[in-house]
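# Examining the three-dimensional arrangement
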Amino acid sequence: MGRESYRERALVVRTYDFGEADRIIVLLTRTRGVVRGVAKGVRRSKSRFGSRLQPFVELNVQVYPGRKLSMITSADTLNFYASGIIDDYERYTAACAVLEAAERLAIAEFEDPWLYDAALGTLVQLCGVDNATFVLDSFLLRAMDHAGWAPSLFECAQCRTPGPHSAFHPGAGGAVCRKCQPKGSAEIPEETLRLMWWLANNAWDTVRGASISNYVGASAHRLTRAHLQWHLERAIVALDVHDQGAFT
C-alpha cells in the first residue's frame with residue numbers, strides 16, 4: 001500500500017545541511033510526534049520556502065513519508081515568534097531548550113497534541129518576558145507531569161508524609177522527608193519547592209507578586225533540570241548553553 005502525503009502543523013526543532021543544496025529538518029508536529037525530513041534545494045537563493053524552515057516559526061507543512069527520512073515539499077508560515085525571542089540571550093536559549101526538551105519527550109508522545117500545544121504556548125509566553133528561566137522551568141515541570149514522572153513537591157516522594165520538606169533527590173521522586181532522604185539529596189529551603197509548585201501549576205500572578213531571590217530561583221531551576229535529566233537519561237545540550245547566562 002502506497003504512502004500518502006499529509007499536511008501538519010509543526011515547529012522546527014533543528015536543521016542540518018545535507019548534500020549541496022538540501023537540508024534535513026527535524027520537526028515537532030502536533031499529532032505525529034517528531035518527524036525528520038529532507039527539504040530539497042532550500043539552501044539555494046531561489047528556494048521558495050527555505051527561509052520559513054527556521055526555529056520559532058509555526059508552520060503548516062506538506063510531508064511525504066519515507067522509510068528513514070520524509071520529504072518536506074512545502075511550508076506555509078502560520079505564526080512567527082522569533083522577533084520577540086532572538087534578540088535576548090536568556091529568552092533565546094530558553095526557547096532552544098524548550099524545543100530540544102520537547103523533541104526528547106515527544107518520542108513517547110506520538111499522536112498526542114499536548115506537548116506541541118505546550119511548547120507553542122511557551123514560545124508565545126517567552127516573547128518579551130522578563131524571567132525566561134521561570135517560563136522554561138514551568139514548561140519542563142508541566143511536561144514531566146504529562147509524561148507521568150513529575151517531581152513530588154510537597155509530600156515525601158517515598159512515604160507520602162505531608163511537607164513542606166527540605167531535601168530533594170530526583171532518583172527518589174522529588175521532595176523527601178528526613179527519614180526517607182537518600183544519600184546525596186540536595187538540601188534546599190522550602191521556598192524553592194514552593195516556587196516549583198507555582199511554576200508547575202501556572203500560578204503566574206503569585207510568582208509575579210512574590211519576592212523571589214536569585215538563590216531560590218537558581219535552586220528551583222537546578223532541581224527541575226536534575227529531575228528532567230535523571231528520567232531522560234541524557235543531557236539537554238541547550239540547557240548547558242542557557243545556564244551560562246541565567247541568574248547572573
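In case you missed it, the structure is sitting above this.
Please read these numbers as outputs of a predicted model, since none were measured by experiment. (Residues numbered from 1 in each chain as written. Predicted model: local features only at pLDDT ≥ 70, side-chain atom pairs only at ≥ 80, totals over all residues. Heavy atoms only, no water.)

## Overview of the nonpolar core
Counting residues in hydrophobic clusters, the biggest one holds 55 residues, and the most contacted among them are L123, L126, F139, L195, M196 and L228. Contact partners of M196, with chain neighbours within four places excluded, come to L141, L153, F168, A220, L223 and T224. Grouped together as the second largest cluster of nonpolar side chains are 16 residues, Y6, L27, F49 and L53 included. (Core = buried A, V, L, I, M, F, W, Y, C linked by side-chain atoms within 4.5 Å. Buried < 20%, exposed > 50% of the residue type's maximum accessible area, 1.4 Å probe, protein only. Contact = heavy atoms within 4.5 Å.)

## Observations regarding the pairing of strand 3 (residues 34-39)
Where strand 2 (residues 22-29) lies against strand 3, six bridges are found, and the strand directions are antiparallel. Paired with L28 across the two strands is V34, which belongs to strand 3. In this structure, the hairpin formed by strand 2 and strand 3 is closed by a connection of four residues, where G33 is found at a positive phi of approximately 65°. One ladder, built from two bridges, connects strand 3 with strand 5 (residues 70-80); its direction is parallel. If you follow G37 over to strand 5, its bridge partner there is S70. (Pairing = 2+ DSSP bridges. Helix = DSSP H or I, 4+ residues; strand = E, 2+ residues; numbered from the N terminus.)

## Describing the sheet that holds strand 1 (residues 6-18)
Reading around the circumference, 1-2-3-5-4 is the order of the five strands in this closed barrel, with mixed pairing throughout. Averaged over all pairs of adjacent strands, the angle between strand axes in this sheet comes to 50°, irrespective of strand direction. Where helix 2 (residues 113-126) meets the sheet, its contacts fall on strand 1, strand 2 and strand 4 (57-64), and the angle it forms with strand 1 comes to roughly 70°. (Axes fitted to C-alpha atoms, helices over the stretch in contact; angles between N-to-C directions.)

## Focus: the state of the cysteines
All chains considered together, the criterion is met by zero disulfides. Here C156 stays unpaired: no disulfide links it, and the sulfur of C159, its closest cysteine neighbor, is 3.7 Å away. With no disulfide of its own, C177 has C180 as its nearest cysteine by sulfur position, at a separation of 3.6 Å. (Disulfide = S-S within 2.5 Å.)

## Points about the packing of aromatic side chains
Here the structure, examined in full by the defined rule, presents one aromatic pair. Aromatic side chains F56 and Y92 sit 5.8 Å apart centroid to centroid with 85° between the ring planes, which places their arrangement in the edge-to-face category. Note that F56 is positioned in the loop between strand 3 and strand 4 and Y92 in helix 1 (residues 89-106), a separation of 36 residues in sequence. Lying over the aromatic face of Y6, R32 brings its terminal NZ or CZ to 3.6 Å of the ring centre. (Phe/Tyr/Trp six-rings, centres within 6.5 Å; stacked < 30°, edge-to-face > 60°. Lys NZ or Arg CZ within 6 Å of the ring centre and 35° of its normal.)

## So, the packing of helix 1 against helix 2
At a minimum axis distance of 10 Å, the contact between helix 1 and helix 2 shows a crossing angle of 180°. The angle between the axes of helix 1 and helix 2 places the two elements in the roughly antiparallel class. Side by side, helix 1 and helix 2 meet where R91, A94, A95, V98, L99, A102, L105 and A106 of the first sit next to L115, A119, T122, L123 and L126 of the second. For the contact of helix 1 with helix 2, a count of residues per class yields eleven nonpolar, one polar and one charged. (Parallel < 35°, antiparallel > 145°, perpendicular 65-115°, else oblique. Nonpolar A, V, L, I, M, F, W, Y, C, P; charged D, E, K, R; others polar.)

## A word on the pattern of salt bridges
Opposite charge on two side chains makes pairing possible when the charged atoms of those side chains draw close. Scanning all chains against the criterion turns up 17 salt bridges. The residue R30 makes a salt bridge to D117 at a minimum N-O spacing of 2.8 Å. Linking R30 in the loop between strand 2 and strand 3 with D117 in helix 2, this pair joins segments that are 87 residues apart in sequence. The exposure class assigned to R30 is partly exposed, which follows from its relative accessible area of 25%. Assessed through its relative accessible area of 33%, D117 is described here as partly exposed. (Salt bridge = Lys/Arg side-chain N within 4 Å of Asp/Glu carboxyl O.)

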